[in-house]
2 protein chains.
Amino acid sequence: MITREDVAKRAGVSVSAVSRAMNGRGYVAKDKKEAIYKAVEELGYRPNPLSNSLKNRQTYQLCFFGSDIYNSFYKELFNKMSDYAMDRGYTLFYFSNFSVDRVKTMLMDGMIVENDSVAEEVQALLGESFYMPIVTASYGVPVKNLKRIPYVDVDTYDAVELGLAYLKEMGHKKIAFATLYDFFHDSRLHPRHVAFGNQMKPVYGKQFRDYVIDNARNTRPAFARENFFEEGMSGADRFLEQNCGATAIICFNDEFALGMLRRFEQLNIRVPEDISILGIDGIENRKYVTPFLSSVSLNIGEQAECCVSTLLDMIEGRKVNYFNSFKPYLSEGNSVKKL
Amino acid sequence: MITREDVAKRAGVSVSAVSRAMNGRGYVAKDKKEAIYKAVEELGYRPNPLSNSLKNRQTYQLCFFGSDIYNSFYKELFNKMSDYAMDRGYTLFYFSNFSVDRVKTMLMDGMIVENDSVAEEVQALLGESFYMPIVTASYGVPVKNLKRIPYVDVDTYDAVELGLAYLKEMGHKKIAFATLYDFFHDSRLHPRHVAFGNQMKPVYGKQFRDYVIDNARNTRPAFARENFFEEGMSGADRFLEQNCGATAIICFNDEFALGMLRRFEQLNIRVPEDISILGIDGIENRKYVTPFLSSVSLNIGEQAECCVSTLLDMIEGRKVNYFNSFKPYLSEGNSVKKL
DNA sequence: TTGTAGGCGTTATCAA
DNA sequence: TTGATAACGCCTACAA
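What counts and how
Residues numbered from 1 in each chain as written. Chains lettered and ligands numbered in written order. Predicted model: local features only at pLDDT ≥ 70, side-chain atom pairs only at ≥ 80, totals over all residues. Heavy atoms only, no water. Near = heavy atom within 4 Å. Polar contact = N/O pair within 3.5 Å; in protein donor to acceptor, adjacent residues only side chain to side chain. Helix = DSSP H or I, 4+ residues; strand = E, 2+ residues; numbered from the N terminus. Nonpolar A, V, L, I, M, F, W, Y, C, P; charged D, E, K, R; others polar. Axes fitted to C-alpha atoms, helices over the stretch in contact; angles between N-to-C directions. Parallel < 35°, antiparallel > 145°, perpendicular 65-115°, else oblique. Left-handed = near helix turned anticlockwise from the far one by under 90°. Contact = heavy atoms within 4.5 Å. UniProt positions renumbered as here; feature names shortened; annotations may be inferred. Buried area = accessible area lost by both parts, 1.4 Å probe. Salt bridge = Lys/Arg side-chain N within 4 Å of Asp/Glu carboxyl O. Least-squares fit on C-alpha atoms with pLDDT ≥ 70 in both. Pairing = 2+ DSSP bridges. Core = buried A, V, L, I, M, F, W, Y, C linked by side-chain atoms within 4.5 Å. Buried < 20%, exposed > 50% of the residue type's maximum accessible area, 1.4 Å probe, protein only. Right-handed = clockwise from strand over helix to strand, strands pointing away. Phe/Tyr/Trp six-rings, centres within 6.5 Å; stacked < 30°, edge-to-face > 60°. Lys NZ or Arg CZ within 6 Å of the ring centre and 35° of its normal.

In the annotation of an unreviewed UniProt entry, chain A is listed under the name DNA-binding LacI/PurR family transcriptional regulator and assigned to Hungatella effluvii.

Below is the structure:
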């Protein structure tokens, strides 16, 4: 390995001169500077980033941990966080293989976790005494025992409320909710489910059940762990079977909604003429289909930026906001018809 | 930050005693050892991995670069590589945001690139003089000007040959090839396309075109960059339109084949009773559908392991094999019928 | 069995 | 304007 000492020798100067020349701080005579650059070039010298890191106790590397970034939402979140991190001079990496030992010795300045339940697990695994800046994304009803882990929340409960309000405003009275989970018995109660229940049970009364398109039976084994798109297609079929007479469907998320769109297209059921569809998430992909999917946007960009900047606040020693939240907002497309 | 010096002071010993006690090398008296452990505990001391890295010039971190790991094949490749890396004491990270400056100062021991054309780009971007161990995966006809970058190839040309031989063995005479690209005009000629052409043109003569189900027209804008599954569904429709009388279809890859399966299921066309389907890739997900998809496996596991171990050969200074290749093999399921 | 000292590759400080 | 020198935190001969 070539060090600044080799360069110094070749250029006939001292090591500190090389240092100064390389990073533009301090004074170096012009001719010496040139000699140094020449030596650097000839020797193919490049600074060892490890030494720098040791000096300023920073790696400028961040990591994102999640069990999967293989669905559109997390993929987009990760990509946007990567961009923000890069803007601030950091590189964001993704890893999925959590090993306590390796994580404790990772050369990373901090870590972002995909959601609050995973963050809780991570916290337990790492233990109290281990310190590493961590931030988590969350989606309503954040877990309570998150110690020293700030979260950046977008409330999916609000998202559903907002979606329902919008559909009503568009003249829809009978609105179904479609999800890939077991609406009534899912151990981890999704805020989205709760929101729909709270809003619509009083309206529908005993018939509430008819307006829930869920996957309690789950006959066909999923071909992938959580294939929202495919589940959405099946959801479309189940919606037709249930025949509840709804004029609009609000979907668990966008990818699920895209699956529904696709399935309805195959069945020659027109959206939004025959049925209105509203997604939740606001992923980019909703723009690339016909009709352009209307959705309640979860503000992926804001959340991504806030996760990164909060993490950098911790790392760079600024004041940290432990509770961050963003409001979902309506992102209109062409998949909802005004009645 | 707490250093081993603080611990030494508190435990009433020297810094080197702390070192020895911490990593079990050399001698430390029992009582001192305990005092040291106690001090470590009380102070919440933990070694700075940066110092270690500086000493032994290793970070034990690897990275995988690719434009997307969001399809089943690369996702599986990445996950398997992660596992192998972990077995060997390294952590594998993924990143997608290539910045020359950042990559040059990354705290990583080496890098794996998703395929040879991306590797070529990376090589050009980093330049001759910059040294970092790099390995690339490739899939037949590896790019020629890969300098000092070993590749781990699985030949998809062979895979198609193997698939065709198998289908013939099963009594199929009329075999179609389905792809999401433009079979005849795709600028980057896929070895898979070439293999099918070489094998079947002599057989079909002028009618060859009829047996190619491709996407030259590409009317509908893809909802995602390369959504193999969805393209497979459209492919099924196109196959029916073309009505070439084939009894079997060999697909560009498994995810595409899964899309076809799904679409045929919706149309009440039975696989393999009415039509036989053969995929290429051998991804795990093919097991979770009905019927279990038959496929020519690209040996993802072997390729993943070889990528990692070749990279570690470079990093740890062993002899490196620059040309590695694995043979595809047939992985039988239930989607091909014996005629 | 212990502690001192030198080195890993840098950069910042300070005296020359 | 320059070049020793002392850190950064750790490890390991080697001397005691």
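We are not done yet, so read on.
Near DNA strand C lie 26 residues; those nearest to it are Arg4 and Ser19 of chain A together with Ser16, Ala29 and Arg57 of chain B. Among atoms of DNA strand C positioned within 4 Å of the protein, sugar and phosphate together represent 56%. Here a phosphate oxygen of DNA strand C sits 2.3 Å away from a polar atom, N or O, in the main chain of Ala29 of chain B. In the model, a base nitrogen of DNA strand C is placed 3.0 Å from a nitrogen or oxygen of the Lys55 of chain B side chain. Counting only elements with at least two residues in the surface near DNA strand C, the list comes to helix 2 (15-23) and helix 4 (49-56) of chain A together with helix 2 (15-23) and helix 4 (49-56) of chain B. When its residues are assigned to classes, the surface near DNA strand C shows nine nonpolar, nine polar and eight charged.

The contact between helix 4 of chain A and helix 4 of chain B brings their axes to 9 Å, and the two run at 150°. Judged by the inter-axis angle, helix 4 of chain A sits roughly antiparallel to helix 4 of chain B. Note that helix 4 of chain A runs across helix 4 of chain B; the crossing there is left-handed. Contacts between helix 4 of chain A and helix 4 of chain B involve Leu50, Ser51, Ser53 and Leu54 of chain A on the former and, on the latter, Leu50, Ser51, Ser53 and Leu54 of chain B. Of the residues assigned to the contact of helix 4 of chain A with helix 4 of chain B, the class counts are four nonpolar, four polar and no charged.

UniProt records the feature "domain: HTH lacI-type" (unreviewed entry) at residues 2-56 of chain A, using the numbering of this structure. Its end C-alpha atoms 22 Å apart, residues 2-56 of chain A is made of 71% helix and 0% strand.

Further remarks concern the interface of chain B and chain A. Each partner contributes to the interface: chain B provides 55 residues, whereas chain A provides 55 residues. Taken together, the two surfaces of chain B and chain A that pack against each other cover about 4900 Å², and 60% of this comes from carbon and sulfur. Applying the counting rule to chain B against chain A returns two salt bridges. Remark: the boundary between chain B and chain A carries 18 residue pairs in polar contact (both at pLDDT 80 or more).

This part takes up the relation of the copies chain B and chain A. Turning chain B through 180° and shifting it by 0.0 Å along the axis lays it on chain A, with an RMSD of 0.1 Å. This pairing of chains is accounted for by a two-fold axis. Here 100% of the interface residues in chain B have copies in chain A that are interface residues too; the copies meet face to matching face.

The next point concerns the protein's contact with DNA strand D. Near DNA strand D you find 25 residues, and of these Val28, Ala29 and Arg57 of chain A together with Arg4 and Ser19 of chain B are the closest. Lys55 of chain A has a polar side-chain atom sitting 3.1 Å from a base nitrogen of DNA strand D. Within the contact set of DNA strand D, a phosphate oxygen lies 2.2 Å away from a side-chain nitrogen or oxygen of Arg57 of chain A. Those elements giving two or more residues to the surface near DNA strand D turn out to be helix 2 and helix 4 of chain A together with helix 2 and helix 4 of chain B. Its residues assigned to classes, the surface near DNA strand D shows nine nonpolar, nine polar and seven charged.

This next bit is on the environment of Cys306 of chain A. All names here are of chain A. Here Cys306 is to be found in helix 12 (residues 300-315). In sequence terms Cys306 and Met81 are 225 residues apart; their C-alpha atoms lie 8.9 Å from each other. Setting aside residues no more than four positions away along its own chain, Cys306 makes contact with Val152, Asn324 and Phe326.

So, on to the sheet that holds strand 9 (residues 276-281) of chain B. Residues and elements named next belong to chain B. Pairing within the open sheet is mixed, and its six strands lie in the order 7-6-8-9-10-12. The open sheet has two edge strands, strand 7 (212-213) and strand 12 (329-331), and neither has a second partner. As paired elements, strand 10 (residues 294-297) and strand 12 share three bridges and run antiparallel to each other. By the bridge assignment for strand 12, Ser297 is matched with Tyr329. Across the sheet, helix 11 (residues 254-266) is in contact with strand 6 (175-178), strand 8 (248-251), strand 9 and strand 10; its angle to strand 9 comes to roughly 155°.

Moving on: the nonpolar core. One finds Phe196 of chain A together with Phe196 of chain B to be the most contacted residues of the largest nonpolar core, which totals 158 residues. Among the nonpolar cores identified, the runner-up in size contains 40 residues, and Val122 and Leu126 of chain A together with Phe95 and Ile149 of chain B belong to it.

Here we take up the pairing of strand 2 (residues 91-95) of chain A. Residue and element names in this part refer to chain A. With five of five residues buried, strand 2 lies mostly within the body of the structure. What you see with strand 2 is no split at all: Thr91, Phe93 and Phe95 on one side and Leu92 and Tyr94 on the other are buried throughout. Direction of pairing for strand 1 (residues 61-65) relative to strand 2: parallel, over a ladder of five bridges. Bridge pairing links Phe64 to Tyr94 in strand 2. Read from strand 1 through helix 5 (residues 72-87) to strand 2, the crossover connection turns out right-handed.

This brings us to the sheet that holds strand 10 (residues 294-297) of chain A. All names here are of chain A. As summarised here, the arrangement of the six strands in space is 7-6-8-9-10-12, forming an open sheet in which the pairing is mixed. Edge positions in the sheet fall to strand 7 (212-213) and strand 12 (329-331), since each has one partner strand and no second. Helix-sheet contacts for helix 11 (residues 254-266) involve strand 6 (175-178), strand 8 (248-251), strand 9 (276-281) and strand 10, and the interaxial angle to strand 9 is about 155°.

What follows deals with the pattern of salt bridges. Oppositely charged side chains can pair when the atoms bearing their charge come close. Applying the stated criterion across every chain yields a total of 24 salt bridges over all chains. The shortest N-O distance in the salt bridge between Glu316 of chain A and Arg318 of chain A comes to 2.9 Å. A relative accessible area of 33% means that Glu316 of chain A is categorised as partly exposed. The class for Arg318 of chain A is partly exposed, based on a relative accessible area of 38%. The shortest N-O distance in the salt bridge between Lys327 of chain B and Asp158 of chain B comes to 3.1 Å. Separated by 169 residues along the polypeptide, Lys327 of chain B in the loop between strand 11 (323-326) and strand 12 and Asp158 of chain B in helix 8 (residues 156-169) bring together distant segments of the chain. Members of the salt-bridge network, linked through shared partners, are Glu76, Lys80, Glu284 and Lys287 of chain A.

In this section: the packing of aromatic side chains. In total, this model carries 45 aromatic pairs over all chains according to the counting rule given. Aromatic side chains Phe239 of chain A and Phe264 of chain A sit 6.3 Å apart centroid to centroid with 85° between the ring planes, which places their arrangement in the edge-to-face category. Of this pair, Phe239 of chain A sits in helix 10 (residues 228-242) while Phe264 of chain A sits in helix 11, and the two are 25 residues apart along the sequence. Each member of the pair, Phe239 of chain A together with Phe264 of chain A, is buried. Every member of this aromatic cluster is reached through a ring pair, and the members are Phe65, Phe93, Phe95 and Phe98 of chain A together with Phe65, Phe93, Phe95 and Phe98 of chain B. Positioned above the aromatic ring of Phe252 of chain B, the side-chain terminus of Arg192 of chain B is 4.2 Å from the ring centre. Arg209 of chain B extends its terminal NZ or CZ atom over the ring of Phe184 of chain B, reaching a point 4.3 Å from the ring centre.

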